[in-house]
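Here is how the chains run, residue by residue.
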Amino acid sequence: MEREIKILENIGEANDLIAGENRRLLEEHNVFAFNIMGSPGSGKTSLLEASLVELGKSYRVAVIEGDLATSYDAERIKRLGVKVLQINTGGMCHLEAASINRALAHFNLDEIDLVFVENVGNLVCPAFFDIGAHRNIVVISTPEGDDKPAKYPVIFRNADLLVINKMDLLPYLEVNLERIRRDASMINPRLEVIETSCRTGEGVDSWIKWIKRQLETRRNTGVTRGFL
Ligand code: MG
Ligand code: ZN
């Protein structure tokens, strides 16, 4: 048992080292990276679809899609004319820094300003693997209920932004938005929250503004952040 724990710690340390390398590599080329995490079906791809064209007016964008199998999400992004690379994890339920390191080698980083990494749909282990992004985002949707921050605290603790998606469904659900906000801010007082509906477009402008603000902040202060 003791040995098992030691090995796991080493995997974590190795991952953090590569995550740091990824961040340095991105910074050398002036690329800013976002790690988008969240449950399957929470709307991670839809949020990108709703905003990539607009963001593309200001930035040169690339997307890395992480999935267990299939390239469905990558195809959705490709249709928008955005550079996209699919990583199939072959059953692994999260992305690691090493897979992002290999993925970055497929891009000419001098031709990119920002990268979105869509992590594997999962609220558990993506939260334990820093991939070297500058900001971490968690997307949940209203049909998932209001207990997710309390039940999966680590992912909310390591995130900079919480997106509550599918706001258009709220009238049909018994979901207490205040509970989501309260629990999330207790776990992580610096967590920002944006409510969106990719179907109606509600809040998508706030999401785009938030993304742009992160790039502006970086330009002014050089601040970057990994996992805590
Ligand atoms: Mg997706
Ligand atoms: Zn996993």
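Scroll up to find the structure.
Quick caveat, the model's predicted, so the values are computed rather than measured. (Residues numbered from 1 in each chain as written. Chains lettered and ligands numbered in written order. Predicted model: local features only at pLDDT ≥ 70, side-chain atom pairs only at ≥ 80, totals over all residues. Heavy atoms only, no water.)

Once that is clear, we can look at the nonpolar core. Judged by nonpolar contacts, the single largest core of 27 residues is most densely connected at F34, F116, I137, W207 and I211. Looking at this core, the elements with two or more residues in it are β1 (32-38), α2 (44-55), β2 (61-67), α3 (72-78), β4 (114-118), β5 (135-141), β6 (161-165) and α8 (204-221). Counting residues per element, this core draws most heavily on α8, which supplies six residues. Apart from residues no more than four positions distant in its own chain, F116 is found in contact with F34, I36, L48, L52, L55, V61, A62, V63, I64, W207 and I211. Within the second largest apolar cluster, 19 residues are counted, among which are A62, I64, A103 and I131. (Core = buried A, V, L, I, M, F, W, Y, C linked by side-chain atoms within 4.5 Å. Buried < 20%, exposed > 50% of the residue type's maximum accessible area, 1.4 Å probe, protein only. Helix = DSSP H or I, 4+ residues; strand = E, 2+ residues; numbered from the N terminus. Contact = heavy atoms within 4.5 Å.)

Time to look at the sheet that holds strand β3 (residues 83-88). To summarise the sheet geometry, strands pair through backbone hydrogen bonds and adopt either a parallel or an antiparallel arrangement. The strand order β3-β2-β4-β1-β5-β6-β7 describes an open sheet built from seven strands, whose pairing is parallel. This sheet does not close on itself; its edge strands, each paired only once, are β3 and β7 (192-195). The sheet shows a mean angle of 20° between the axes of neighbouring strands, direction not considered. The strands that helix α4 (residues 97-104) touches are β2, β3 and β4; relative to β3, the one it contacts most, it runs at about 140°. (Pairing = 2+ DSSP bridges. Axes fitted to C-alpha atoms, helices over the stretch in contact; angles between N-to-C directions.)

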